[in-house]
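Observations on the three-dimensional arrangement
One letter stands for each residue in the lines below.
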Amino acid sequence: MFFLVCGVQAQTSFSGSQEQGYGKKNIKGRVIDARTNEPIIGANVVVKGTTVGSVSDINGEFEINVENKKDLALSVSYVSYKPYEQIITFSKEKNINVEIKLEENVEQIEAVTVVGNKVTNSEVSMMQTIRSNNLVVNGVAAQLIKKTQDKDAGEVVKRIPGITIQGDRFVIIRGLNERYNSVWLNNLPAPSAEADVKAFSFDFIPASMIDNILVYKTFSPELPGDFAGGLVRIFTNSNVEKNFLQISYSNGFAEGSSFKEHKLYDVGGKGFYNGMSDLKLTSDFPENIAKIPNTTEGKIEKTKWGQSLNKLWTPTSVNAPTNQQISISGAWKKDLKKVILSNYSQFNYGASFLRHDIFRAAYNAYDEIGQVLDTNYAFNDVQYNNSNKLGAMMNWGINFKKNKIEFRNVFNHQASNKVVEREGKDFYGGLTLKGLEMAVKTRNLYSGQISGNHVFGEKKSTLNWFLGYSASSQQMPDNKRLTWVKNEQEESQYYNKYGLNFSFTANADLSGRIFHSLSENQINAGTDYSSYIKINDYKINYSVGIFHENKERTFSARNLGYKIARTSLFNYNLPYYPIDSVFSDENINYTNGIMLDEQTSPSDTYTSFSKLYAGFFTLTLPVGARIKIHTGLRAENNYVELNSYKIDASFPAEDKDKIKYINDTTLLLPAINITYSLTETSLLRFAYGKTVNRPEYREIAPMAFYDYEMKAVVSGNDKLTFATINNFDLRYELYPNIFSMFSVGAFYKQFYNPIEYCIIPTGSGLQYSYQNTPKATVGGLEVETRLALGSEEKNPMLKNFTLFLNAALMKSIIDFEGNSLEENRPLQGQSPYIINASLFYKNDKYDLNMGVMYNVFGKRINFVGDPYTGNPHIFEMPANNLDFSVTKGFGKNFEIKGQVKNILDNSLVFQQELQTNNGKVFQTNLKYKQGRYYSIGLVWKI
C-alpha cells in the first residue's frame, strides 16, 4: 500500500469556552484513518511549542497531561498522512476528549508531491496488520528477523504459531505437510524447483531480502483456493525511505565440520561451476543405450559410449574452511517533482561446508521368540555437503499522483555438492558393504512481476493489476552410486577385501550414474477493483477480481549402469582393482570387462501443463458498531494435462503405451469471516471457508523411481482426484498496548478425498504410490503472546525485555475404509504440539540487542509404515533447539552481530515404536547430530 504525501493541514474544530486558570488538564483522544476508521498506531501527538506529547497505542488512543493554557496547539503527525494541527481552547471540564481523523496524503499542492510508503517491516506494524485484517493471520516482520538473525525464509517461518519446517526446506502448517500449503512470492504464486514433492523450498529466499511474511490461516475469495493448512506470502524489500548502501559479512564455525577433512565431487577439476558441463550427456548421446542391437557392431558402439563418459569416480579431499556469507544492499530514491523513482537492490552470496555422521537402519518384523530386533540393514554414513547460494533482488518503483507501479525481480541460484561414504551390513543378503554416492545438484528460481496500484474518484476506489513470469529448474547430472561387497570367503585371495558389485544386468543404484532434469515456467496475470457503497450511515466495501495462471513443466531422467560384459570371459579380479583402474577405457569392453547399459523407461519422462481461471467477489459489511462480516465467493476452473507412457513401456515407445491424463474441474469456493469487537482492546473472530487440494504433476506421473535413502520405489497414480476441505476457525485476540498482544484460537478441518501415500504390496520390497483416502479430520488449539515485560512506570528493571511465546496442540485422523489393512492414523508430518519461545533485550542507550530463541515440536510420522509386513511408522522425534543472538551498534554506520545456533545440540532421531509381549520396543532408523554453529558478522551502512 502506498500514499502520496503533501504538506496540507487537515482542519478539525473542537468546541469549548475560552477561559483560563483551570489547573491541570487531561487531553484524551483517538487517532483513526479518516477513510477506514481503523486506528493508527504510533502517531505522534504533541503540544506545539513544548516537549509534552504522546504516541497513539494499539487502539489509536493517547493521553496528555498539560498545565492549563489558553489556545494550546495540538499537532499530530504520522508518515504517509496529512499533518494535523488544531487550536484547542479549554473548558471548565477537567478532561477533554477528541477524535482525530487523519487523511491519507493523496493531494498535490503547488506541483510538489512527496511520496511515502506504509511501514510494513516493524513489529508494531505487523501487530496492526494482524489486528485490522479480515482473516485469521499470523506474521513476522523484518524487525524481528533482524533480532533472530535467521538466514533464510525456512528459519523465519518456523517461529510463526502452528508452523514447523521439515528437512530445513518445506513448511508444515497446522500439522499438514507441504502438499497442503501454498506459497506466494509478493503477489504471485511461487514456482517450485522440486522434482518429487508439491512444495516451495523455503531455503531459496535469504532472510535479508524479506520485508515481512504473512501466513493466512483462513480462506477468503481474494486468495487462491488451493490450500488447506495455510497460505504463506513472502514480501521482499521494496520500501525506500532514504538512500543507503549496506555491506554485511559474516563468518561461521560449524562444530565437527570447519577445519576438518571434507570430501568433494571434483566435477572435472575445473572449479565447481565450470566443471558442471563435464557431467552432462552430449547432444549426440544415444536415446537409450539398451536399445542398441546386441550385435558385434552394437557392442562396439556401446563400448565407445561407455568409454566416452567422464572418469570422475573418486572424491577429492580438502580442508573445510569456515562458512561465509556476504550481502550488499542499497536503496535509491529520486524526486522528480511529479514523479518519484525508487530502487531497492540486493546481492547475496554464501558458501557452507558441513559434515554429518549418520546412522541408518531398517528392520523386519520384531522377533517375538528371540525377543530381539530383526535388522534388515544397518549403515554408518559420513555425509559431506558443500552448498553455494547466489541471490539477487532488484525492485523498482514509480510513484506519481494517486498511482504506483512496481517492477519486482528475484533470482536465486543454489548449487550443492554431496558425497556420502557408507559402511555397514545388509543382513537381508548377508553382505558387509561399503558405498559411495557423489552428486551435484543445481536449482534456479526467477520471479519477475510488474504491478500497479491506482486510487481515483471521491471514494478513493482502488484498482490493482499484476503480470508475472517465473521460472524454476533443477539439474542433477551424473549422480554416481557405487557399492562394494566384502569378500568373506576364507579360501579367496581377496578374503576380507571389498570388490565392486557388478551384476549381469545394469543397476544404476549398485554401480551406475543417474541424470535428472526439471524445468517449470509459469505466467500469471490478474486484476481487482475495490470500492464501497454507502447506505445511510453504513459503508459496505466490495471488491471484484480475476486471476489467470498458465504453468508448464518438463521432467526427464536417465538411469545408466555397468554390467558384466560376458560371464564366461569376465575378469573376476577387476572388482578389486583401484576404482580409477576399474573404469579405465581398457576395462570397459564387451569381452572380459564391464559394459554400459541402461534401465531408463519411457515413463521416466513426462510433460505437463495446467491452466487456472479464477474470479471472485467479496463484501465487507458492518453490523452495528462492533461486528464486521467479510464474505464472498470464488470460482475456479482448473485444467491439467500430463503426457507420459505406461510404466511397463519399452523403447521405442508405441502409441498404445502413451498416457494422457486430463482433469478439468470447476469449483465454487465460499467463505465468511466475522469479526466481533468485544472491547476497544479485544476482538473475537469466526471463519468458515471451503478450499481445494489438487494432485501435483509428480503424483499423477506414472514414473517409478528408486529412493536411495528410503530404499523403496515410488510411483505415481493417474487415478487421483482433487480433495475438498471445510475449514472452521475461532480466535480471541487481545491488544493491551502498542507493544503487546495475546491470542488463543481453535480450528477444525474436514477433508474429503485427501491425498496420501499408500503402500503397494509387491513381495520384492517396498513400493509406495499415492491414493485418495475417504476422509480425514484435523483439529487443534493455538495460543500466541507478545509481551513487553516492563515500562518506566511499571517494572523499570524489565522495560527493555520483550517475550514472544506461541504454542499449538493438534490432532489429526485419517479414516480408512473397512477393507484396508491400514489402521486410522495421524496425517504424515503432523505434530501433536509445537512450542516457540523467544526473549529479547533491547537497550537503545547502548545500541544493544540480544535474544534467546527456543523451538520444539512433537513427534511426527516421517515415513508411513507397511501394514502388509507389520512394519510400523517411522517417527521423527522431538529435538529441543536453542539459539542465541546479539547485535551491537557503533555509531550510525557500524554494527557487529554474533550468533550461536543449536546450543543444546540434541540428536535428530527417527525411530519406530513396537508393542511387543514384553512391552514397548524402539527401533532407531536414523540418528545424527547437526552440531553447534557459531558466527560473527559486521555490518557497514552509509
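Summary of the structure given here. Sequence order as written defines residue numbering, which begins from 1 separately in each chain. Local features are withheld for residues below a pLDDT of 70 in this predicted model, meaning they are given only at 70 or higher, and side-chain atom pairs are given and counted only at 80 or more; totals for whole chains, interfaces and linings count all residues. Hydrogen atoms and water are omitted, and side-chain values are computed over all heavy atoms in the structure.

**Describing the overall build of the protein**
Scanning the protein from N- to C-terminus turns up 7 helices and 50 strands. For every residue, the accessible area (1.4 Å probe, protein chains only) is compared with the maximum for its type, and the residue is labelled buried under 20%, exposed over 50%, or partly exposed between those bounds. A buried classification covers 53% of the 942 residues belonging to the protein. Considering only contacts in the protein between residues 6 or more positions apart, those separated by 24 or more positions represent 72%. For the protein, the exposed area adds up to about 40,600 Å²; of that, 55% sits on carbon and sulfur atoms. Here a strand is any run of E in DSSP of at least two residues, a helix any run of H or I of at least four, and the numbering for each starts at the N terminus. Any two residues whose heavy atoms approach within 4.5 Å are treated as being in contact. A 1.4 Å probe and the Shrake-Rupley method give the accessible areas. Residues count as covered only by the protein chains that appear here.

**Regarding the side chain of Lys 563**
Within the fold, Lys 563 resides in strand β28 (residues 538-564). For Lys 563, a relative accessible area of 18% gives the class buried. Nitrogen and oxygen atoms within 3.5 Å of one another constitute a polar contact, given that in protein one can donate a hydrogen and the other can accept it, and given that sequence-neighbouring residues count only through two side-chain atoms. Within polar-contact distance, the side chain of Lys 563 engages the side chain of Asp 597 at 2.9 Å. Leave out the neighbours within four places in its chain, and Lys 563 touches Ser 503, Phe 504, Thr 505, Ala 506, Gly 593, Ile 594, Met 595 and Asp 597.

**A closer look at the pairing of strand β24 (residues 431-456)**
The buried count for β24 comes to 20 of 26 residues, which makes it a mostly enclosed element. When strand β23 (residues 403-426) meets β24, the two strands line up antiparallel, connected through 24 bridges. The residue bridging His 413 from the neighbouring strand is Asn 444, located in β24. Strand pairing is assigned whenever DSSP identifies at least 2 bridges connecting the two strands. Hairpin connection of β23 to β24: 4 residues between the antiparallel strands, including Gly 430 at a positive phi of 70 degrees. Across 21 bridges, the pairing between β24 and strand β25 (residues 461-486) is antiparallel. The residue bridging Ile 450 from the neighbouring strand is Leu 467, located in β25.

**Re the pairing of strand β31 (residues 627-645)**
Sheet topology places strand β30 (residues 606-623) next to β31; 17 bridges connect them, and they run antiparallel. From the neighbouring strand, Phe 609 faces β31, where its bridge partner is Glu 641. In this structure, the hairpin formed by β30 and β31 is closed by a connection of 3 residues, where Gly 624 is found at a positive phi of approximately 70 degrees. Sheet topology note: the β31/strand β32 (residues 658-677) ladder contains 19 bridges and is antiparallel. Counted as the bridge partner of Glu 641 is Ile 662 from β32.

**Re the environment of Leu 787**
In this fold, Leu 787 is placed in strand β40 (residues 775-788). For Leu 787, a relative accessible area of 37% corresponds to the partly exposed category. Distance from Leu 787 to Ser 740, taken between C-alpha atoms, is 4.6 Å for residues 47 residues apart in sequence. The residues touching Leu 787, leaving out its near neighbours within four places in the chain, are Ser 740, Phe 801, Thr 802 and Leu 803.

**Structural notes on the packing of aromatic side chains**
Paired rings are identified among Phe, Tyr and Trp, the last through its six-membered ring, by centres lying within 6.5 Å, and are further divided according to the angle between planes into stacked (under 30 degrees), edge-to-face (over 60) and tilted (the rest). Inspection of every chain in the model, using the stated rule, returns 24 aromatic pairs. Both rings, one in Phe 253 and one in Tyr 934, keep their centres 6.4 Å apart while their planes meet at 40 degrees; by these two values the pair is tilted. A residue pair is termed long-range when its members are at least 10 positions apart, and Phe 253 in strand β17 (residues 244-254) and Tyr 934 in strand β50 (residues 933-941) qualify at 681 residues. Plain terms: the ring middles of Tyr 494 and Tyr 576 are 4.0 Å apart, the flat faces sit at 0 degrees to each other, and that makes the pair stacked. Taken together, the residues Tyr 494 in the loop between β25 and β26 (498-500) and Tyr 576 in the loop between β28 and α6 (579-582) connect sequence positions 82 residues apart. What links up through ring pairs into an aromatic cluster is the set Trp 313, Phe 502, Tyr 562 and Phe 583. Geometrically, a charge over a ring is one whose NZ (Lys) or CZ (Arg) sits within 6 Å of the ring centre while staying within 35 degrees of the ring normal. Positioned over the ring face of Trp 313 is Lys 480, at 5.3 Å from the centre of the ring. Sitting above the plane of the Phe 890 ring, Lys 888 keeps its charged end 4.5 Å from the centroid.

**Description of the pattern of salt bridges**
Should a side-chain nitrogen of Lys or Arg be within 4 Å of a carboxyl oxygen of Asp or Glu, the pair is scored as a salt bridge. Counted under the stated rule, the structure contains 33 salt bridges. Residue Arg 174 is joined to Asp 729 by a salt bridge in which the shortest nitrogen-to-oxygen separation is 2.8 Å. Taken as a pair, Arg 174 in the loop between β12 (170-173) and β13 (181-185) and Asp 729 in strand β36 (residues 723-737) lie far apart in primary sequence, 555 residues in all. Judged by its relative accessible area of 1%, Arg 174 falls in the buried class. Under the relative-accessibility criterion, Asp 729 is labelled buried at 4%. Glu 406 is the partner of Arg 408 in a salt bridge, and the nearest nitrogen-oxygen pair spans 3.2 Å. Under the relative-accessibility criterion, Glu 406 is labelled buried at 12%.

**Remarks on the environment of Ser 644**
Position of Ser 644 relative to the elements: it lies in strand β31. Assessed through its relative accessible area of 3%, Ser 644 is described here as buried. In this structure the C-alpha to C-alpha distance between Ser 644 and Asp 657, which are 13 residues apart in sequence, comes to 8.6 Å. Among all residues touching Ser 644, those that are not within four sequence positions of it are Pro 602, Ser 603, Thr 605, Tyr 606, Asp 657, Lys 658, Ile 659 and Pro 702.

**What to know about the sheet that holds strand β4 (residues 53-55)**
Here 4 strands make up an open sheet; going across it, the order is β4-β3-β6-β7 and the pairing antiparallel. Two strands bound the open sheet, and with one partner strand each, they are β4 and β7 (84-88). Within this sheet the neighbouring strands show an average axis-to-axis angle of 15 degrees, counted without direction. Inspection of the sheet shows strand β3 (residues 44-47) paired to strand β6 (residues 72-77) by 4 bridges, in the antiparallel sense. Residue pairing for β6: Val 47 is matched across the bridge by Leu 74. Between the N-to-C directions of two axes lies an angle of 0 to 180 degrees, each axis being a line fitted to C-alpha atoms and, for a helix, fitted only over the stretch in contact.

**Some thoughts on helix α4 (residues 296-308)**
Given 3.6 residues per turn, any residue in an α-helix points the same way as the ones three and four places further on. Relative to the 18 Å expected for 13 residues at 1.5 Å per residue, α4 spans 18 Å between its end C-alpha atoms, a close match to the ideal helical length. Regarding α4, the residues found buried are Gly 298, Lys 302, Thr 303, Trp 305 and Gly 306. Each buried residue of α4 lies within a common arc of 165 degrees when the element is viewed along its axis, so the set occupies one face. Buried positions along α4 lie against β28 and β29 (594-598). One less than the number of residues in a helix, times 1.5 Å, gives the span that helix is expected to have. What the arc describes is the spread of directions from the helix axis to the C-beta atoms.

**Considering the sheet that holds β13**
Spatially, the 5 strands line up as an open sheet ordered β10-β15-β16-β13-β14, and their pairing is mixed. With one partner strand each, in any of the chains shown, β10 (137-141) and β14 (188-189) form the two edges of the open sheet. As judged from the 6 bridges shared by strand β15 (residues 210-216) and strand β16 (residues 230-236), these two strands associate in the antiparallel manner. Along β16, the bridge assignment pairs Ile 213 with Ile 234. On the sheet, helix α1 (residues 123-132) packs against β10 and β15 and is oriented at approximately 165 degrees with respect to β10.

**A closer look at the side chain of Thr 916**
As for its position among the elements, Thr 916 is in strand β48 (residues 908-916). For Thr 916, a relative accessible area of 7% puts it in the buried group. Ignoring any residue separated from it by four or fewer positions in sequence, one finds Thr 916 in contact with Tyr 366, Glu 368, Gln 371 and Val 921.

**A few points about the nonpolar core**
If you look at the biggest cluster of nonpolar residues, it comprises 40 residues, and the most contacted ones within it are Leu 176, Leu 642 and Phe 751. In contact with Phe 751, not counting residues within four places along its chain, are Leu 176, Tyr 180, Ala 228, Thr 724, Ile 725, Pro 774, Lys 775, Ala 776 and Val 778. Nonpolar core, defined: a set of buried Ala, Val, Leu, Ile, Met, Phe, Trp, Tyr and Cys residues in which side-chain atoms within 4.5 Å join the residues together.

**Quick look at unusual backbone geometry**
As a rule of thumb, non-glycine residues mostly have phi less than zero, and peptide bonds are mostly trans rather than cis. Phi at Asn 496 is positive, roughly 70 degrees, even though this residue is not glycine. One can find Asn 496 in the loop between β25 and β26. One non-glycine residue, Asp 847, adopts positive backbone phi at about 50 degrees. Here Asp 847 lies in the loop between β42 (833-843) and β43 (848-857).

**Details of the environment of Ile 579**
Among the structural elements, Ile 579 can be located in helix α6. Spatially, the C-alpha atoms of Ile 579 and Gly 499 are 9.8 Å apart, while their sequence positions differ by 80 residues. Discounting residues that sit within four places of it in the chain, Ile 579 has contacts with Trp 313, Thr 314, Leu 482, Trp 484 and Leu 500.

Interpretation note: all reported values are geometric properties and have no functional meaning in isolation.
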